[in-house]
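Summary of the model geometry
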Amino acid sequence: MTTEHPEEERHPVKIVAADVIVSSPDRNFVTLKITTEDGVTGLGDGTLNGRELSVASYLRDHVVPLLIGRDAHRIEDAWQFLYRSAYWRRGPVTMAAIAAVDVALWDIKAKAAGMPLYQLLGGASRTGIMAYGHASGRDLPELFDSIRRHLDEGYRSIRVQTSVPGINAVYGVASQPSADGRRYDYEPAQRIPLPAEEDWDTRSYLRHLPGVFEAVRNEFGPELPLLHDGHHRMTPIQAAKLGKALEPYDLFWLEDCTPAENQEALRLVRQHTTTPLAIGEVFNTVWDYQTLIREQLIDYVRSAVTHTGGITAMRKLLDFAAQYQIKSGIHGPTDISPVGMAAALHLDLAIHNFGIQEYMRHGALTNEVFRQSFTFVDGYLHPGEQPGLGVELDEEAAAKFPYVPAYLPFNRLQDGTVHDW
């Protein structure tokens, strides 16, 4: 029987470097690269759309000095230290920075184990990860063409976004005009010096949308899973009205129907519609969900690994949701880097209560900077079998693309009032 302290029986692997890399291939990304004393590196995604430099500064100026010399394998301890020691908790900047560290450390641990990350999370619970694509159009013929293109690409589930008569520009419609004249297929952050102003009218939207889904169902039949994003633009009673109006068209989910910071507002929506509800892409901790999950006011958790404290926090959040038969729908547009996307896929593959994964294809320049092993075949994603996350950063390529200021647009009503976007 030994009397030695357990710490003397193990060998910490110290962090010797942590580098913050800001690059803009196709769009801006913030990547954290952690290196251990034995030369193993791990990557984490700290991208916060439209506020990227705030996370880069938080990491570089406040977090990196705290990492040097720490044991890279004490992931839970590092998470709790970064969350609790700052005193000022939560918020998107803090949680994106913590997520970058957390994911990088999981990448290191899985590489050290010689396994793909999902194996360390308990192994695969499924053979593939169902993904949904993003179809849009300014009118029905353009929308139908977009849906057909996504089906041809292998998607088995489709998010439907459409222009609204009388409204100049609506989020998620790629072919409408943008402030800088470029087409933004999936990423509404525009490379302009100030945010673009767009108009909005909720009543016009509520009148128009049910007819769009009726037309889509008539064209594509009852089996195709359809999703829609309301993007926080409705009051609770408006959201309830829309959910009820869309019931005949059997949506897979209605996303972000109303700003859910007021969690109790979802009680009213839930009372009036059986359309499944997805909430949370702007949330960043489990506390944002506490009432929503406990009272079963939603059906899908929409947070991103990148914005919600990393794999450690998201696994706990989704385990909490599983107790109430609520599933995952992890946020995954192109403002999540391939590093953040890979982290989501490993988690998707391992958890039991997986629902669906948002998936937008990154552009060629992004794929040049981030070398990825995950695949998309016949509508299903898989993170691959490389040890770790399965993503490597080409730092020479990243250096070719310096940061470019970019902003999301914002909305004003007809009377000039700034509205939820």
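Scroll up to find the structure.
This is a predicted model, so every value here is computed, not measured.

1. As for empty space enclosed by the protein
Summed over the entire model, instances satisfying the criterion amount to three cavities of 30 Å³ or more. Volume-wise, the second largest cavity comes out at about 60 Å³. Contributing elements (two or more residues each) for the lining of the second largest cavity: strand S5 (157-162), helix H6 (202-220) and strand S7 (226-229). Looking at the lining of the second largest cavity residue by residue, the classes come out as six nonpolar, five polar and two charged.

2. What to know about unusual backbone geometry
A positive phi angle is found at His 231, which is not glycine, with a value near 55 degrees. Structurally, His 231 is set in the loop between S7 and helix H7 (236-245). For His 232, which is not a glycine, the phi torsion comes out positive at approximately 70 degrees. Checked against the element boundaries, His 232 lands in the loop between S7 and H7. The class of His 232 is buried, set by a relative accessible area of 10%.

3. Some details on the pattern of salt bridges
For the coordinates displayed, the defined rule picks out 22 salt bridges. For the salt bridge of Glu 76 with Lys 316, the shortest nitrogen-to-oxygen distance reads 2.8 Å. Of this pair, Glu 76 sits in helix H2 (residues 75-84) while Lys 316 is found in helix H10 (residues 310-322), placing the two residues 240 residues apart along the sequence. Accessibility expressed as a relative area gives 35% for Glu 76, which makes it partly exposed. Residue Asp 107 pairs with Lys 111 through a salt bridge whose shortest N-O separation is 3.6 Å. In this pair, Asp 107 and Lys 111 are both assigned in helix H3 (residues 92-113), four residues apart and thus about one turn of the helix distant. Via salt bridges that share partners, Glu 255, Glu 281, Arg 302 and Glu 358 belong to a single interconnected network.

4. Let's talk about the packing of aromatic side chains
For the coordinates displayed, the defined rule picks out 15 aromatic pairs. Within the aromatic cluster, the residues linked to one another by ring pairs are Tyr 132, Phe 252, Trp 253 and Tyr 300. Above the face of the Phe 81 ring, Arg 70 is positioned so that its terminal group lies 4.5 Å from the ring centre.

5. What about the nonpolar core?
In this structure, Ile 34 and Leu 59 are the most contacted members of the largest nonpolar core, which totals 122 residues. Broken down by element, this core gets its largest block of residues, 12 residues, from H3.

6. A closer look at the environment of Ala 135
Topologically, Ala 135 is positioned in strand S4 (residues 129-137). In this structure the C-alpha to C-alpha distance between Ala 135 and His 150, which are 15 residues apart in sequence, comes to 7.0 Å. Sequence-distant contacts of Ala 135, that is, excluding residues within four places in its chain, are made with Leu 143, Ser 146, Ile 147, His 150, Ile 158, Arg 159, Val 160 and Gln 161.

7. Focus: the pairing of S5
Burial within S5 is extensive, with six of its six residues counted as buried. By the alternation rule, side chains of S5 split into Ser 157, Arg 159 and Gln 161 and Ile 158, Val 160 and Thr 162, which are all buried. By the bridge criterion, six bridges tie S4 to S5 in an arrangement that is parallel. Among the inter-strand pairings, Tyr 132 is bridged to a residue of S5, identified as Ser 157. Since S4 and S5 lie parallel, the crossover through helix H5 (residues 140-152) that links them has a hand, and here it is right-handed. As paired elements, S5 and S7 share two bridges and run parallel to each other. Residue pairing for S7: Arg 159 is matched across the bridge by Leu 227.

Rules used in this analysis
- Residues numbered from 1 in each chain as written.
- Predicted model: local features only at pLDDT ≥ 70, side-chain atom pairs only at ≥ 80, totals over all residues.
- Heavy atoms only, no water.
- 1 Å grid on protein atoms, 1.4 Å probe; cavity = no way out; pocket = protein on both sides within 12 Å on 5 of 7 lines; lining within 4 Å.
- Points joined across faces, edges and corners; volume = space filled by probe spheres on them.
- Helix = DSSP H or I, 4+ residues; strand = E, 2+ residues; numbered from the N terminus.
- Nonpolar A, V, L, I, M, F, W, Y, C, P; charged D, E, K, R; others polar.
- Buried < 20%, exposed > 50% of the residue type's maximum accessible area, 1.4 Å probe, protein only.
- Salt bridge = Lys/Arg side-chain N within 4 Å of Asp/Glu carboxyl O.
- Phe/Tyr/Trp six-rings, centres within 6.5 Å; stacked < 30°, edge-to-face > 60°.
- Lys NZ or Arg CZ within 6 Å of the ring centre and 35° of its normal.
- Core = buried A, V, L, I, M, F, W, Y, C linked by side-chain atoms within 4.5 Å.
- Contact = heavy atoms within 4.5 Å.
- Pairing = 2+ DSSP bridges.
- Right-handed = clockwise from strand over helix to strand, strands pointing away.

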